[in-house]
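Okay, here's what each chain looks like letter by letter:
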Amino acid sequence: MTKQAARPASRRRNRTLMLTVPLVALALWSWGIDAAQAAEPGKDATAAGLPRILVLATGGTIAGQADARATGAYKSGQITGEQLMQSVPGLDKLAKLNAEQISSIGSQDMNDKVWFALARRIQDAFDKNEADGILITHGTDTLEETAFFLDNVVRGDKPVVIVGSMRPATAVSADGPGNLYEAVQVAADPRSRGRGVMAVLNDKIQSARSITKTNTTSIETFGSPNDGPIGYVDTAGGIRFMAQAAGFKRTTYPLPAGEQLPRVEIVYSHANMDAVPIEDAISHGAKGIVLAGVGDGNTSKQALDALEAAAKKGIIVVRSTRVRSGFVTRNVEVDDDKNGFVVSEDLNPQKAVLTQLLIAGGVTAPAELQRAFTATW
Ligand SMILES: NC(=O)CC[C@H](N)C(=O)O
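Residues numbered from 1 in each chain as written. Predicted model: local features only at pLDDT ≥ 70, side-chain atom pairs only at ≥ 80, totals over all residues. Heavy atoms only, no water.

Caption draft 1: Looking closely at helix α4 (residues 112–127). Spanning 16 residues, α4 covers 22 Å between terminal C-alpha atoms, matching the ideal 22 Å at 1.5 Å per step. Turning to α4, its buried residues number three or more, namely Asp112, Val114, Trp115, Phe116, Leu118, Ala119, Arg121, Ile122, Gln123, Ala125 and Phe126. Next to the buried residues of α4 lie β1 (52–59), β4 (96–105), β5 (133–137), α5 (143–153) and β6 (160–163). Of the residues that open α4, the one with a side-chain oxygen 3.0 Å from the backbone nitrogen of Lys113 is Asn111. Taken from the residues just after α4, Asn129 is the one with a positive phi, measuring 50°. (Helix = DSSP H or I, 4+ residues; strand = E, 2+ residues; numbered from the N terminus. Expected span 1.5 Å × (residues − 1). Buried < 20%, exposed > 50% of the residue type's maximum accessible area, 1.4 Å probe, protein only. Contact = heavy atoms within 4.5 Å. Polar contact = N/O pair within 3.5 Å; in protein donor to acceptor, adjacent residues only side chain to side chain.)

Caption draft 2: Spotlight on empty space enclosed by the protein. Per the stated rule, a full pass over the model turns up seven cavities of 30 Å³ or more. In this model, the largest cavity occupies a volume close to 70 Å³. Forming the boundary of the largest cavity are 14 residues, of which Gly156, Lys158, Val160, Gly196 and Arg250 lie nearest the centre. (1 Å grid on protein atoms, 1.4 Å probe; cavity = no way out; pocket = protein on both sides within 12 Å on 5 of 7 lines; lining within 4 Å. Points joined across faces, edges and corners; volume = space filled by probe spheres on them.)

Caption draft 3: Spatial organisation of the environment of Phe248. Inspection of the secondary structure assignment puts Phe248 in the loop between β12 (238–241) and β13 (264–268). What makes Phe248 partly exposed here is its relative accessible area of 28%. Taking C-alpha positions, Phe248 is 25 Å from Ala117, a pair spaced 131 residues apart along the chain.

Caption draft 4: Focus on the UniProt feature "active site" (unreviewed entry) in the protein. Mapped onto the present numbering, the UniProt feature "active site" (unreviewed entry) falls at Thr61 and Thr140. For this annotated set, covering 80 residues, all C-alpha atoms fall within 7.5 Å of each other, a compact arrangement in space. Looking at the secondary structure, you find Thr61 in the loop between β1 and β2 (65–66). Given a relative accessible area of 8%, Thr61 falls into the buried group. Once you skip the residues sitting within four places of it in the chain, Thr61 turns out to touch Tyr74, Ser76, Gly139, Ser165, Met166, Arg167, Pro168 and Ala169. Tracing the backbone shows Thr140 in the loop between β5 and α5. Sequence-distant contacts of Thr140, defined by excluding residues within four places in its chain, comprise Ser107, Gly164, Ser165, Met166, Leu201, Lys213 and Phe222. (UniProt positions renumbered as here; feature names shortened; annotations may be inferred.)

Caption draft 5: Structural detail: the side chain of His138. Its place among the elements puts His138 in the loop between β5 and α5. Classification of His138 as buried rests on a relative accessible area of 0%. There is a polar contact of 2.7 Å between the side chain of His138 and the side chain of Thr146. Dropping the residues within four chain positions of it, His138 is found in contact with Thr58, Gly59, Gly60, Ile62, Ser107, Met110, Leu143, Thr146, Ile162, Val163 and Gly164.

Caption draft 6: Structural view of the layout of surface pockets. In this structure, the largest pocket occupies an estimated 580 Å³ of space. Along the wall of the largest pocket there are 35 residues; nearest its centre are Asp151, Arg209, Phe248, Lys249 and Thr376. Mapped onto the lining of the largest pocket, the elements with two or more residues apiece are α5, α11 (355–360) and α12 (366–374). Here the residues of the lining of the largest pocket are counted per class, giving 16 nonpolar, eleven polar and eight charged. (Nonpolar A, V, L, I, M, F, W, Y, C, P; charged D, E, K, R; others polar.)

Caption draft 7: Spatial organisation of the nonpolar core. Formed by 48 residues in total, the largest nonpolar core has its most connected members in Leu56, Ile122, Ile134, Ile136, Phe149, Leu150 and Val160. Of all the elements, α4 adds the most residues to this core, at eight residues. By size, the runner-up hydrophobic cluster in this structure holds 31 residues, among which are Ala63, Met85, Met198 and Val200. (Core = buried A, V, L, I, M, F, W, Y, C linked by side-chain atoms within 4.5 Å.)

Caption draft 8: Just the pattern of salt bridges, in detail. Following the criterion strictly, the structure yields 18 salt bridges and no others. Of the charged contacts in the structure, one is a salt bridge between Asp127 and Arg155, with a shortest N-O distance of 4.0 Å. Here Arg155 lies in the loop between α5 and β6 and Asp127 lies in helix α4, a separation of 28 residues in the sequence. Given the relative accessible area of 45%, Arg155 is considered partly exposed. The network of salt bridges with common partners includes Glu100, Arg121, Asp124, Lys128 and Glu130. (Salt bridge = Lys/Arg side-chain N within 4 Å of Asp/Glu carboxyl O.)

This is the structure:
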């Protein structure tokens, strides 16, 4: 969890980095000229001086390097946050950047340990007034989950922005540098305050609650299916927040003691579904089960019976959906009141799993849990 942790393990890897970083810088050079010219110095900075942005690097494709054989293969998390910042010309005109390495992983390996380290570092930086905004560099696979976790635990109204890229730093037309530039613009801008955790990729500013990855490889992957982006950003026009995007009512929960959240399993529903995955979750000690249901959070009769039995044992059951957009509504085809179930409203299963925070906080009564899910409207 320190800068040392990200240091290349061998000298050979060190040499690769030494060779690659200048190459990355060179590859970004032509883009940099445009960016530096488009950015009016001070345009997005406070009058009193440049805002202080703490950059917390976790890895991901944005810090990835291509396989030397140019097969399309690459490794996430090879470049440090500091090297990333240095490789994008013009950032120093937007903000005073200070980078720290929290982890160097592909976000498919994201875990409680990194989440807690991020949350604690951000809160500390805000409480001690060490930063005016936070920028987190992250892989895109679970970017939405980290964004939503932090949205639920970080207190204060200073901007927290999360950024990633779909192409590694060494790719032709890498999208990382542009995304980084725009993310710093947003993190450094006073108009970004009070909007919760935001993700900035591909010219769009999207809220942690709404954003989801919608395409496996395209750079146009992140969307907010229910409500769209809260704003747009580009190097020429700057930031435009949409007037109607007032932001969600945000509730923050205390970070639980220890380094682990309670076990909550996501169970995916489908045709011919039986009770086995639910029984498995129960036998492995799940404290909660999130159903990635069909349609409006539905599932088969056998699965439903198993969920009802789970709820009777005190396991929290949250009905979400495998469908990409829409809401899950109480008591439509399932009697949630009778069964003691909760519905996830607009939260997809991977976000509804943050029932973990509520369970850890001792919130276990279905009515109270339901209020936490609907509190945002
Ligand atoms: N484009 C990406 O960032 C995906 C790479 C990797 N799987 C990650 O999430 O970190």
